[in-house]
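# Structure at a glance
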There are 2 protein chains.
Amino acid sequence: MASEITIKDVAKQANVSVATVSRVLNGLDRVSEKTRKKVQKVVKELNYVPNTMAVSMVTKQTQMLAVVVPVFENPFYTAVIKGTVDVASQEGYHTVVFSTNDNEKEEAAFFMSSLKRNVDGIVLIGAHNNPEFYQSINKPVILVDRYIEGSGLDGVVIDNFRGAYESTKYLIENGHRQIAIISGPQTFNDGIERYRGYQQALKDYEIDFIPEYSKQGDWFEDHGYQSMKELMNLSNPPTAVFAANNMICQGTIKAIRDLNLQIGSDVSLVGFDENTLADFVNPRVSVIKRPTYEMGIHAAEMLLQRLKQGEKKDLVPRKLTLGVELLKYGSVKNLGGEINA
Amino acid sequence: MASEITIKDVAKQANVSVATVSRVLNGLDRVSEKTRKKVQKVVKELNYVPNTMAVSMVTKQTQMLAVVVPVFENPFYTAVIKGTVDVASQEGYHTVVFSTNDNEKEEAAFFMSSLKRNVDGIVLIGAHNNPEFYQSINKPVILVDRYIEGSGLDGVVIDNFRGAYESTKYLIENGHRQIAIISGPQTFNDGIERYRGYQQALKDYEIDFIPEYSKQGDWFEDHGYQSMKELMNLSNPPTAVFAANNMICQGTIKAIRDLNLQIGSDVSLVGFDENTLADFVNPRVSVIKRPTYEMGIHAAEMLLQRLKQGEKKDLVPRKLTLGVELLKYGSVKNLGGEINA
DNA sequence: TTGAAAGCGGTACCAA
DNA sequence: TTGGTACCGCTTTCAA
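Computed from a predicted structure; not experimentally measured.

## Some details on the overall build of chain A
Within chain A, the secondary structure is distributed over 14 helices and 12 strands. Computed over its C-alpha atoms, the radius of gyration of chain A comes to 26 Å, more than 25% above the 20 Å expected for a compact globule of 341 residues. Overall size of chain A, expressed as C-alpha extent along the three principal axes, is 90 × 40 × 35 Å. The contacts of chain A with a sequence gap of at least 6 include a subset with a gap of at least 24, amounting to 68%. Here chain A displays about 15,300 Å² of accessible surface, and carbon together with sulfur accounts for 50% of that area. Treating the 38 positive side-chain charges of chain A as one cloud and the 41 negative ones as another, the clouds have centres 11 Å apart.

In structure tokens, the structure reads:
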């Protein structure tokens, strides 16, 4: 509908060549103040907007970034998106968003699609965990949250190990010795590091690891719900539980309610990541807070920086690790008892 | 990085002209089976992907859709996005997402940006409420949720009036006469219709409208929280409350908890839109369920249909209204009393 | 059935 | 300081 106006129209109207119009548009070359004014006036009058596709064809730059996430429904991902979009738009970049459903096939589809070609760089929460896949991407990519060692890419992650370690330590310091973990798969650094943090804390405080207290599954609410029920039905149930992500934590909270138990008195709970229910229940559930929005910010900044650097390939990958914070509320009962270490 | 391979490379490798390659690529023209095979083989070997920008320049089609929403953080909007993306990708369209922060300026910025030029059509949850703004958009647009009469655009909405009416009626049928509403601004059809539905139900059952029971504000949680507190502190507090959206409903639930009241027994509650807390509390809060994902689906389908129709401008705008459903749980106390009508 | 070439809307080099 | 023009990668007439 309605044919768009082009640089030629501007040139004609201003009585100059298209080259001149291009010059004032990009503010590069020396153009007489008079012509500049004249052109700018016409641009305004005609409401001229350059055709970015034509520009891209010759400049090989699209001024577009992509953010690729598993799903849009998780607040963590939307926070990352928001962080990226905010930085990008400030720097004159548009952002397109793509979701992979955390599925390797769909992610691969993105990287083979034209969409990938149409962006200058990518912020990615990846579904693959083989370095080779990432190595084959010939565009700047910043990995967020999940970092793949050997991918050769930059990344922004949080200190998963420390978060899990501190959570577990906090429980131990409150006298707990029977501490369960409900976690996701050990596929990426997030699952692996959180599990490792939990284990290390037990080890450091000389607490035996009890396999029954370790519930591995997916990262979704139902896993948290079912696991919590199973744990509490054990002949010797744990006194405390570490829920390794936001969805799992919500599941555990629902299970605790359905079991007619009281958080903090009947069973202690610490979650990884803030979530609506942890915030709502009374007492509030202690959680590891991680800088989600900031992760998006940093990822975009790293990406833009890579873009500025251009072709200089002799660059080592950078991994930025952001700290986490344990928000202590009333969900952990102090069992007394001595604390070693 | 790594110069992409072009149609010329394919042509050269296959010993044919670029025109021929173009033909087999688009499967349009008559090409001999032999050449077709040959070209397809080379395309595969070289892993050739056409440069969509070059294609777009000549076809004037980008195969891209935009979804413009206020924010990504609201599950309602992400559901709409998901619906649109699903349909679009099935039809070979990519989708870019843009957020306006529900701000007229930012929305206008999108429509002046190059991004708008780069998409074939737009699914929009608009921030403007003046028809003129929408009339000036020379691209197919489908309005979702908020419909602007006189915009001349297609739209997909839900039956806000009925949802509010049924909610209020449900309360009335359970013997309530002192029914409050906590609502958002009366700027768009959503706020207006829900308020109207509430009023109409009162009127139909000959219940006096009490201004004190009507709390107008924004659509956010805090408005729900504060308003609920104010309502319950009235010398003659309402026996039931209708919370006109998901965020407001969450706020009321928190307020009820902080007031140490019991949902269903101390005060009855019906919310518009499902939400995490309504689902969590005991008893669950009755809510109006609306087909969010389906709204995205329908919007995308309408848009794609418009795209197929092309330039035929002599088309009347279509507004599709989807029904809503009242999910009844235990949050409404039966006060007995007779029901007229 | 196939190829040559114009043109989409810009940029940037080379001349003037 | 300005203009002419080749070119970016592709589609699409027009001829062969």
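Having seen the model, we can carry on.
## Some details on the interface of chain A and chain B
Contacts between the two partners involve 45 residues from chain A and, on the opposite side, 45 residues from chain B. Roughly 4,400 Å² is buried in total at the junction of chain A and chain B, and carbon and sulfur atoms are behind 61% of that figure. There are 2 salt bridges connecting chain A and chain B. Between D279 of chain A and K254 of chain B there is a salt bridge; the shortest N-O distance is 3.4 Å. Our count for the contact surface shared by chain A and chain B stands at 8 residue pairs in polar contact (both at pLDDT 80 or more).

## Topic: the relation of the copies chain A and chain B
Between the two copies, chain A and chain B, the superposition gives an RMSD of 0.1 Å; the rotation angle is 180° and the shift along the axis is 0.0 Å. Within this description, the copies of the chain are treated as partners about a two-fold rotation axis. In terms of proximity to the rotation axis, the leading residue of chain A is V96 of chain A, whose C-alpha is 2.3 Å off the axis.

## Focus: the nonpolar core
In summary, soluble globular proteins display a tendency toward joint burial of nonpolar side chains. Grouped together as the largest cluster of nonpolar side chains are 149 residues, with contacts concentrated most on I253 and V285 of chain A together with I253 and V285 of chain B. Not counting the four nearest positions on each side in its chain, I253 of chain A is found in contact with I263, L269, N275, L277, A278, V281 and V285 of chain A together with F280 of chain B.

## Considering the protein's contact with DNA strand C
Neighbouring DNA strand C are 25 residues, the closest being I7 and S22 of chain A together with T20, R23 and R30 of chain B. Protein-adjacent atoms of DNA strand C, using a 4 Å cutoff, are sugar or phosphate at a proportion of 67%. Contact between DNA strand C and N26 of chain A: a phosphate oxygen at 3.2 Å from a side-chain N or O atom of the residue. A distance of 2.6 Å separates a phosphate oxygen of DNA strand C from a polar side-chain atom of T20 of chain B. Put simply, the parts of the chain that give the surface near DNA strand C at least two residues each are helix 1 (7-14), helix 2 (18-26) and helix 4 (52-59) of chain A together with helix 2 (18-26) and helix 4 (52-59) of chain B. Ranked by residues supplied to the surface near DNA strand C, first place goes to helix 2 of chain A with 4 residues.

## Here's the deal with the pattern of salt bridges
Summed over all chains, the structure comprises 34 salt bridges over all chains. Salt-bridge contacts for R284 of chain A lead to D279 of chain A; the nearest nitrogen and oxygen are separated by 2.7 Å. Its relative accessible area of 31% is what places D279 of chain A among the partly exposed residues. One network of salt bridges, in which partners are shared, links E221 and K254 of chain A together with D279 and R284 of chain B.

## Describing the domain arrangement of chain A
Interfaces are often sized by the amount of accessible area the parts lose when they come together. Examined at the domain level, chain A breaks down into domain 1 (2-59), domain 2 (64-158 + 292-322) and domain 3 (160-290). Computed from C-alpha atoms alone, the centre-to-centre distance between domain 1 of chain A and domain 2 of chain A is 34 Å.

## So, the protein's contact with DNA strand D
Taken together, 27 residues form the shell around DNA strand D, and within it T20, R23 and R30 of chain A together with I7 and Y48 of chain B come nearest. Restricting the count to atoms of DNA strand D within 4 Å of the protein gives a sugar and phosphate share of 66%. Here a sugar or linking oxygen of DNA strand D sits 2.9 Å away from a polar atom, N or O, in the side chain of K60 of chain A. Side-chain polar atom of S22 of chain B to a phosphate oxygen of DNA strand D: 2.7 Å apart, as the coordinates give it. Going through the elements one at a time, helix 2 and helix 4 of chain A together with helix 1 (7-14), helix 2 and helix 4 of chain B are the ones with two or more residues in the surface near DNA strand D. Grouping the amino acids of the surface near DNA strand D by side-chain chemistry returns 13 nonpolar, 9 polar and 5 charged.

## Here we look at the side chain of N189 of chain B
With respect to the helices, strands and loops of the structure, N189 of chain B is situated in helix 10 (residues 189-204). Residue classification places N189 of chain B among the buried residues on the basis of a relative accessible area of 15%.

## Quick look at the sheet that holds strand 3 (residues 121-124) of chain A
Residues and elements named next belong to chain A. Taken together, the 6 strands give an open sheet; going across it, the order is 2-1-3-4-5-11, and neighbouring strands pair in parallel fashion. Across the chains shown, the open sheet's two edge strands, defined by having one partner strand only, are strand 2 (94-99) and strand 11 (319-322). Across the sheet, the axes of successive neighbouring strands diverge by a mean angle of 15°, strand direction being ignored. Note that strand 1 (residues 64-69) and strand 3 share 4 bridges and pair parallel.

## A word on the sheet that holds strand 10 (residues 286-289) of chain A
Residues and elements named next belong to chain A. The 6 strands lie next to each other as 7-6-8-9-10-12, forming an open sheet whose pairing is mixed. Among the strands making up the open sheet, the edge pair consists of strand 7 (214-216) and strand 12 (325-327). Each adjacent strand pair in this sheet contributes to an overall mean axis angle of 15°, direction not counted. Relative to strand 9 (residues 268-272), helix 12 (residues 246-258) is tilted by about 155°, and along the sheet it contacts strand 6 (179-183), strand 8 (240-243) and strand 9.

## Considerations on the packing of aromatic side chains
Evaluated as defined, the whole model comprises 19 aromatic pairs over all chains. Ring centres 5.8 Å apart and planes at 25° place the aromatic pair F161 of chain A and Y165 of chain A in the stacked group. With a gap of 4 residues between them, F161 of chain A and Y165 of chain A both fall in helix 9 (residues 160-173), about one helical turn apart. Here the two residues F161 of chain A and Y165 of chain A agree in accessibility, since each one is buried. Arranged with centres 6.2 Å apart and planes meeting at 35°, the rings of Y195 of chain B and Y198 of chain B form a pair that is tilted. Taken together, the residues span about one helical turn, with Y195 of chain B and Y198 of chain B both in helix 10 at a distance of 3 residues. You'll find Y195 of chain B and Y198 of chain B in the same group, each marked buried. Within the aromatic cluster, the residues linked to one another by ring pairs are F98, F110, F111, F133 and Y134 of chain A. Against the face of F272 of chain A rests R194 of chain A, its NZ or CZ located 3.9 Å from the ring centre.

What counts as what
- Residues numbered from 1 in each chain as written.
- Chains lettered and ligands numbered in written order.
- Predicted model: local features only at pLDDT ≥ 70, side-chain atom pairs only at ≥ 80, totals over all residues.
- Heavy atoms only, no water.
- Helix = DSSP H or I, 4+ residues; strand = E, 2+ residues; numbered from the N terminus.
- Rg over C-alpha atoms; globule rule 2.2 N^0.38 Å.
- Contact = heavy atoms within 4.5 Å.
- Areas by Shrake-Rupley, 256 points an atom, 1.4 Å probe, with all protein chains shown as cover.
- Lys, Arg positive; Asp, Glu negative; His and termini not counted.
- Charge placed at Lys NZ, Arg CZ, Asp CG, Glu CD.
- Buried area = accessible area lost by both parts, 1.4 Å probe.
- Salt bridge = Lys/Arg side-chain N within 4 Å of Asp/Glu carboxyl O.
- Polar contact = N/O pair within 3.5 Å; in protein donor to acceptor, adjacent residues only side chain to side chain.
- Least-squares fit on C-alpha atoms with pLDDT ≥ 70 in both.
- Core = buried A, V, L, I, M, F, W, Y, C linked by side-chain atoms within 4.5 Å.
- Buried < 20%, exposed > 50% of the residue type's maximum accessible area, 1.4 Å probe, protein only.
- Near = heavy atom within 4 Å.
- Domains from an automatic or database assignment.
- Nonpolar A, V, L, I, M, F, W, Y, C, P; charged D, E, K, R; others polar.
- Pairing = 2+ DSSP bridges.
- Axes fitted to C-alpha atoms, helices over the stretch in contact; angles between N-to-C directions.
- Phe/Tyr/Trp six-rings, centres within 6.5 Å; stacked < 30°, edge-to-face > 60°.
- Lys NZ or Arg CZ within 6 Å of the ring centre and 35° of its normal.

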